[in-house]
Amino acid sequence: MNQDTSGKEFAPWNDASEKPLITFKNVTKKFGEFVAISDLNLDIYAREFFALLGPSGCGKTTLMRMLAGFEAPTSGVIELAGQDIAAIPPNKREVNMMFQSYALFPHLNIWDNIAFGLRREKMPKDQMEARVEEMLRLTKMEKFARRKPHQVSGGQRQRVALARSLAKAPKLLLLDEPLGALDAKLRQDTQFELMDIQESTGTTFVIVTHDQEEAMTVASRVAVMDHGKLVQVDTPDVIYETPNSVYVADFIGDVNIIEGTAEANGDSVALTWTEGQPALIGSANQPIAKGASAAMAIRPEKIAISSEKPTDRTNVLQGKVLDIAYLGNISTYHVQLDNGTVIKAQIANTRRIARRNFTWEDPVWLSWTDTAGIVLAV
Amino acid sequence: MKLRRLTLIGIPYFWLLALFLIPFGIVLKISLSDIALAIPPYTPTLDISGGWQAVRDFLSELDFENFEFLTTDDLYWKAYLSSLKIAAISTLLALLLGFPMAYGMAKAREDWRPTLMMLVILPFWTSFLIRVYAWVGILSTEGYLNQFLMGIGIIGDPLVILNTSTAVYIGIVYTYLPFMILPIYATLERLDESLIEAAEDLGCSRISAFWLVTVPLSKYGVIAGCFLVFIPVIGEFVIPALLGGSKTLMIGKVLWEEFFSNRDWPVASAVAIILLLVLIFPIVLFQRNEQKQREAEQ
Ligand SMILES: Nc1ncnc2c1ncn2[C@@H]1O[C@H](COP(=O)(O)OP(=O)(O)OP(=O)(O)O)[C@@H](O)[C@H]1O
Ligand SMILES: [Mg+2]
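Residues numbered from 1 in each chain as written. Chains lettered and ligands numbered in written order. Predicted model: local features only at pLDDT ≥ 70, side-chain atom pairs only at ≥ 80, totals over all residues.

**Describing the interface of chain B and chain A**
For step 1, the next point in the chain: Contact residues are listed per partner, giving 15 residues for chain B and 18 residues for chain A.
For step 2, the next point in the chain: Every element with two or more residues in the side of chain B that touches chain A is listed here: α9 (193-201) and α10 (206-217) of chain B.
For step 3, the next point in the chain: The residue inventory of the side of chain B that touches chain A, partitioned by class, reads seven nonpolar, four polar and four charged. (Contact = placed C-beta atoms within 7 Å. Helix = DSSP H or I, 4+ residues; strand = E, 2+ residues; numbered from the N terminus. Nonpolar A, V, L, I, M, F, W, Y, C, P; charged D, E, K, R; others polar.)

**Topic: unusual backbone geometry**
For step 1, the next point in the chain: Cis geometry marks the peptide bond from B:T43 to B:P44, where omega comes out at 0 degrees.
For step 2, the next point in the chain: In this fold, B:P44 is placed in the loop between β2 (42-43) and α2 (51-60).
For step 3, the next point in the chain: Its identity is not glycine, yet A:D39 carries a phi of approximately 40 degrees, on the positive side.
For step 4, the next point in the chain: Relative to the assigned elements, A:D39 resides in strand β2 (residues 34-44).
For step 5, the next point in the chain: On the neighbour-count criterion, A:D39 (14 C-beta atoms within 10 Å) is partly exposed.
For step 6, the next point in the chain: One non-glycine residue, A:R47, adopts positive backbone phi at about 70 degrees.
For step 7, the next point in the chain: Secondary-structure assignment places A:R47 in the loop between β2 and β3 (49-53). (Buried ≥ 20, exposed ≤ 12 C-beta atoms within 10 Å, placed from the backbone.)

**What about the site of ligand 1?**
All names here are of chain A.
For step 1, the next point in the chain: Taken together, the residues surrounding ligand 1 are F31, F34, A36, G54, S56, G57, C58, G59, K60, T61, T62 and Q100.
For step 2, the next point in the chain: At the level of elements, β2 and α1 (60-68) are the ones that each hand at least two residues to the shell around ligand 1.
For step 3, the next point in the chain: Per element, the largest residue contribution to the shell around ligand 1 is three residues, and it comes from α1. (Near = placed C-beta within 6 Å.)

**Structural notes on the nonpolar core**
One broad rule of soluble globular proteins: the nonpolar side chains tend to lie buried together.
For step 1, the next point in the chain: Within the largest apolar cluster, 110 residues are counted, with the highest numbers of intra-cluster contacts made by A:A51, A:L67, A:I114, A:L174, A:A223 and A:V375.
For step 2, the next point in the chain: In this structure, this core is formed jointly by two domains, domain 1 (12-94 + 170-241) and domain 2 (254-377) of chain A, each of which donates at least three residues. (Core = buried A, V, L, I, M, F, W, Y, C linked by C-beta atoms within 7 Å. Domains from an automatic or database assignment.)

**Section: the domain arrangement of chain A**
For step 1, the next point in the chain: Domain parsing of chain A yields domain 1 (12-94 + 170-241) and domain 2 (254-377).
For step 2, the next point in the chain: Inter-centroid distance (C-alpha atoms) of domain 1 of chain A to domain 2 of chain A is 34 Å.

The structure is reproduced here in structure tokens:
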């Protein structure tokens, strides 16, 4: 995904000479007194696959609706290709949106729903038919073309909504939770289809998703939102490996958060967190003042679990197995430390269950390296 | 248990039998009788004490003479046609007036809607007859409308509106407008705003989104409203009688005159039976529309 055809890394956000396709400048959106989007600045570049992630009600749909033209910012400017779009009505924007509620026309069958936008731009009949058929094939809805939206299942409706927004091949596509109702297999297939479309057409995608794995798979960059603000905007690997806050670390993926007090210690930061235990060592992206309260975010898969005390790792803790969650390819061990804290550690299941090393109540050692954990200010 | 079910099912059937089928049977029978100077003013009457023979005599005297008579005098078919025409034009006028009102109500702020709704229903709290009489006061040559128009100097001589078909249309549209507004409002209010947004997103202007989404999705409400106006207006009697004078021909008025002025119950009954046949067609269509709407909403 992060590679374009020339093999050069696709990272226009690092290139000062690149002009963003979309720019939010100090955009605030209020509904009455309620602030849905608060002084937001954001650049999205052409050909990006930009994912918006955040808890329910944080303003993702509102952001999309402002791009599509259904809401006007209370203050601030949104630019599309350098042009303020405030005055351009939705039908004149080269933007198509897939609605979270699908908004399929109940009086039209699925074929006509998909053709709706093409008809408006007076596309020649044979060209339009070919396009609709292509969209039907893409979303595996060929068999249902003559049905009305209320005669197909929820997941099928979602696919029709997706097909309808893709049909016009706009410059900018806004997808509000496009795959939420699909089963895992179909979702994965569609994700790859979307990435293919993105690659072959160069369309810019902005996608809302509640599924962070999906965001990781498809996105060139991920924005994590909270209460109408952007908390972090970065590539998926940066977001995952070096979150800039406990909020982001906690929101993306599984994580252990260990709270304590920071002690400066050269390149890395030591965190004293409980009586009678050695300080934990981790890396920090931002300087943290000595004595400030801080937290270490450590991913479960970075924690090793062993029956003997390891000697080659910086952070070593002892505990006993409280619970084991078998997830197929991996198992998550919930290990309780002496002071009661529960730490999650993940191990790939390369062996059959019957032959695994640890079971409930076993005393175990947890360990991780000095760069595995991120120390964050709280 | 079984008795309760029978009672439950029985009540509506009893209602239908007592208030529709029996009266209909009586009217049908009268329409097949002959006029007579008697009480009741037709013959034959059935005397069951005469036994089987009496019933046969009775049946042999029934005939279709009255229906044949209706075809000989062009007053009747003209009255039917005129009623249909007035009903059709009034329905159209009510639609043209009612749709924008319903649309405005549906687009109004949510906390205003109950008030607007009440304003539409409010006239029903006064007697229908009084409201039609009020129009006499408004539309007559010395009425409020003419006084007002002459007062502000738009016209010199009073307009003659009362006792013309214009007055009938005003009266009918005024009276039946709520029946047009309410079903249309019901469909428009349920219309999902995001559908309009989706249409605009896909390249529709406001106006074409209205024609391509709002109008087709309010179809059932429009059809229901049209029938709710059209069907009762065909048989309307009070409004043309009070506002239309002698010039406006409507079948309801003809019916009334046959019954009360001519005391020709058999011909009046025949007129009523034909009216019913005329109405069955739109009523069936109306029912089918309701059914389709339910299916579409399921
Ligand atoms: N028309 C509106 N009037 C008032 N408040 C609104 C309106 N639209 C959205 N909001 C509020 O703005 C906030 C952001 O809404 P938004 O729909 O953008 O959330 P979201 O991030 O898309 O959530 P979800 O993941 O549940 O879809 C919410 O608290 C919501 O209640
Ligand atoms: Mg949303």
